[in-house]
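# A look at the structure
Below are the chains, spelled out letter by letter.
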Amino acid sequence: MPHDIFLATAIPPALEIALAERFTLHRDTAPPTTRAIVGGGMMTVDAALIERLPELEIIAVHGVGFDGIDRVATTARGIQIAITPDALTEDVADQAIALWLAVDRRIAANDRALRMGNWTVPLGRRASGRRIGIFGLGRIGQAIARRAEVFATEVLYTARSEKRVPWRFVPDLATLAEASDVLILAAPGGRETRGAVDGAILDRLGKDGVLVNVARGSLIDEEALIAALEAHRIAGAGLDVFAEEPDVPAMLRRMNHVVLAPHQGSATREGRAAMAEMVVANLEAHFAGGELPGLLG
Ligand code: NAP
């Protein structure tokens, strides 16, 4: 009998086909016989759902974010969590740099102007020579730092602990914002980082500073960001993620110094193919009693 798998969110069609060849998939309701849950990095798996599924053994994330999963409940039950690290790291880092350059060189605003028939040449900002600060120096943060080195006079970061890397560690986000011209967020969502970027942090980044978020919308106090952008207390923002996806606040949509993206950091053909492969590999390894390539430590 193929194992029962509950799809907690929509997943790419190719992955769904691959899973359907191996397992019995359930979309709307998880039957009590569910052995695995599969879903995107934004999925919610709360204690109540886990409680209803006595046979649940593994949650396989199509992504690397797991802030919507109740870790207390999974740990108590010994439920494994598997993610797709490395399959998307370089893509999300590319997206971070692309958003920053798009803000500083007005790529999106100028594109819109030209399409309206307006040939004007407003001045952007020189990207080279800026100080780039990275909040969260894990897989994605380090990939961003490697790219940032090409442009920056200095790459700085903060994380929960200092790393053996060539970039300068600072102890907290406030110090990082103060010392950076471009502040890039690459830390996980969840309770610890919720609202970390508030009005005070944005003021430390300052009126020439650019904020880029490829992490989670929850890291930013979105109202404070809108207020800072409106008053030009920071220079601009490049946002891949939002507090209430897929809703993007109207104020942000109206601002020319903001570049918006629909949570597409990992959305490349290559990245999505590698992620799908890894979800299947995680599940197959789990059910075969083998080593999971993406097991969360
Ligand atoms: P990772 O390898 O686990 O790295 C996370 C980094 O954040 C680590 O350096 C960690 O510090 C740091 N961190 C964790 N909690 C922190 C805190 N409270 N304060 C400061 N730093 C903290 O994860 P990753 O693969 O780089 O992914 C990072 C995040 O990117 C994911 O969690 C996900 O939310 C987001 N993401 C977005 C997209 C997209 O499409 N936009 C795609 C994939 C992932 P330590 O190393 O010191 O513990």
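See above for the structure.
Residues numbered from 1 in each chain as written. Predicted model: local features only at pLDDT ≥ 70, side-chain atom pairs only at ≥ 80, totals over all residues. Heavy atoms only, no water.

## Some details on the overall build of the protein chain
Of the regular secondary structure elements, the protein chain holds eleven helices and twelve strands. A principal-axis box enclosing the C-alpha atoms of the protein chain has dimensions of 65 × 45 × 30 Å. Within the protein chain, buried positions represent 51% of all 297 residues. Contacts spanning at least 24 positions in sequence make up 57% of the contacts within the protein chain whose residues lie at least 6 apart. A total accessible area of about 14,600 Å² is found for the protein chain, and carbon and sulfur atoms account for 52% of it. Taking the average location of the 31 positive side-chain charges in the protein chain and that of its 38 negative ones, the two points are 5 Å from each other. (Helix = DSSP H or I, 4+ residues; strand = E, 2+ residues; numbered from the N terminus. Buried < 20%, exposed > 50% of the residue type's maximum accessible area, 1.4 Å probe, protein only. Contact = heavy atoms within 4.5 Å. Areas by Shrake-Rupley, 256 points an atom, 1.4 Å probe, with all protein chains shown as cover. Lys, Arg positive; Asp, Glu negative; His and termini not counted. Charge placed at Lys NZ, Arg CZ, Asp CG, Glu CD.)

## A short note on the packing of helix H4 (residues 89–104) against helix H6 (residues 139–151)
Packing of H4 against H6 leaves a shortest axis separation of 8 Å and a crossing angle of 45°. The orientation of H4 relative to H6 falls into the category oblique. The element H4 and its partner H6 pack so that their crossing is right-handed. Seen from H4, the contacting residues are Thr 89, Glu 90, Val 92, Ala 93, Asp 94, Ala 96, Ile 97, Trp 100 and Leu 101; seen from H6, they are Arg 139, Ile 140, Ala 143, Ile 144, Arg 146, Arg 147, Ala 148 and Phe 151. When the residues that make up the contact of H4 with H6 are grouped by side-chain class, the tally is eleven nonpolar, one polar and five charged. (Axes fitted to C-alpha atoms, helices over the stretch in contact; angles between N-to-C directions. Parallel < 35°, antiparallel > 145°, perpendicular 65-115°, else oblique. Left-handed = near helix turned anticlockwise from the far one by under 90°. Nonpolar A, V, L, I, M, F, W, Y, C, P; charged D, E, K, R; others polar.)

## Re the side chain of His 62
Looking at the element boundaries, His 62 is found in strand S4 (residues 58–62). Setting aside chain neighbours within four positions, we find His 62 in contact with Pro 12, Leu 15, Gly 39, Gly 40, Gly 41, Thr 84, Arg 272, Met 275, Ala 276 and Val 279.

## Considering the pattern of salt bridges
Where charged atoms from two side chains of opposite charge approach closely, those side chains can pair. Evaluated as defined, the whole model comprises 15 salt bridges. One salt bridge in this structure joins Arg 233 and Asp 203, with 2.8 Å as the shortest N-O distance. With Arg 233 in the loop between helix H9 (222–230) and strand S11 (236–239) and Asp 203 in helix H8 (residues 199–205), the pair connects residues that are 30 residues apart, well separated along the chain. Note on Asp 203: relative accessible area 44%, which makes it partly exposed. Each of Glu 90, Asp 94, Arg 146 and Arg 147 takes part in salt bridges that share partners, so that together they form one network. (Salt bridge = Lys/Arg side-chain N within 4 Å of Asp/Glu carboxyl O.)

## Comments concerning the packing of aromatic side chains
Two numbers describe a pair of aromatic rings. These are the distance of the centres and the angle of the planes. Under the defined criterion, the tally for this structure stands at three aromatic pairs. Geometrically, the ring pair formed by Phe 23 and Phe 287 is tilted, given 5.7 Å between the ring centres and 50° between the ring planes. One end of the pair, Phe 23, is in the loop between helix H1 (13–20) and strand S2 (24–26); the other, Phe 287, is in helix H11 (residues 269–288), and 264 residues separate them in sequence. Using a relative accessible area of 21% as the deciding quantity, one classes Phe 287 as partly exposed. (Phe/Tyr/Trp six-rings, centres within 6.5 Å; stacked < 30°, edge-to-face > 60°.)

## Topic: the sheet that holds strand S6 (residues 131–135)
As a general point, the strands of a sheet are linked pairwise by backbone hydrogen bonds and lie either parallel or antiparallel. Spatial strand order, S8-S7-S6-S9-S10-S11-S12: seven strands in an open sheet with parallel pairing. Across the chains shown, the open sheet's two edge strands, defined by having one partner strand only, are strand S8 (168–169) and strand S12 (258–260). Relative to strand S7 (residues 154–158), S6 is paired through five bridges, and the arrangement is parallel. Across the sheet, Gly 133 pairs through a bridge with Leu 156, a residue of S7. On top of the sheet, H6 reaches S6, S7 and strand S9 (182–185); it is set at about 175° to S6, its chief contact. (Pairing = 2+ DSSP bridges.)

## Observations concerning the environment of Ala 177
Position of Ala 177 relative to the elements: it lies in helix H7 (residues 173–179). The exposure class of Ala 177 is buried, given its relative accessible area of 0%. For Ala 177 and Ala 200, which are 23 residues apart along the polypeptide, the C-alpha to C-alpha distance reads 9.7 Å. Dropping the residues within four chain positions of it, Ala 177 is found in contact with Leu 183, Ile 201, Arg 204 and Leu 205.

## Notes on a nonpolar patch on the surface
Together, Leu 114, Trp 119 and Val 121 line one region of the surface with nonpolar side chains, adding up to about 410 Å² of accessible area. Take Trp 119: it is sitting in the loop between helix H5 (107–115) and S6. On the basis of relative accessibility, which here comes to 71%, the residue Trp 119 falls in the exposed class. (Patch = residues over 30% accessible without salt bridge, like charges linked within 9 Å, V, L, I, M, F, W, Y side chains within 5 Å.)

## Concerning the nonpolar core
The biggest cluster of nonpolar side chains holds 51 residues, and the ones touching the most others in it are Ile 37, Ile 134, Ile 144 and Val 212. For this core, the secondary-structure elements that each account for two or more residues are helix H2 (47–52), S4, H4, S6, H6, S7, S9 and strand S10 (210–213). Here this core takes eight residues from H4, the largest share from any one element. Residue assignment places this core across two domains, with domain 1 (4–87 + 269–288) and domain 2 (89–260) each supplying three or more. Every residue in contact with Ile 37, bar those within four places of it in the chain, is listed here: Phe 6, Ala 8, Met 43, Val 45, Leu 49, Leu 53, Leu 56, Ile 58, Ile 59 and Ala 60. Core analysis: the next-biggest nonpolar cluster, separate from the first, contains 30 residues, Leu 176, Ile 220, Leu 229 and Val 248 among them. (Core = buried A, V, L, I, M, F, W, Y, C linked by side-chain atoms within 4.5 Å. Domains from an automatic or database assignment.)

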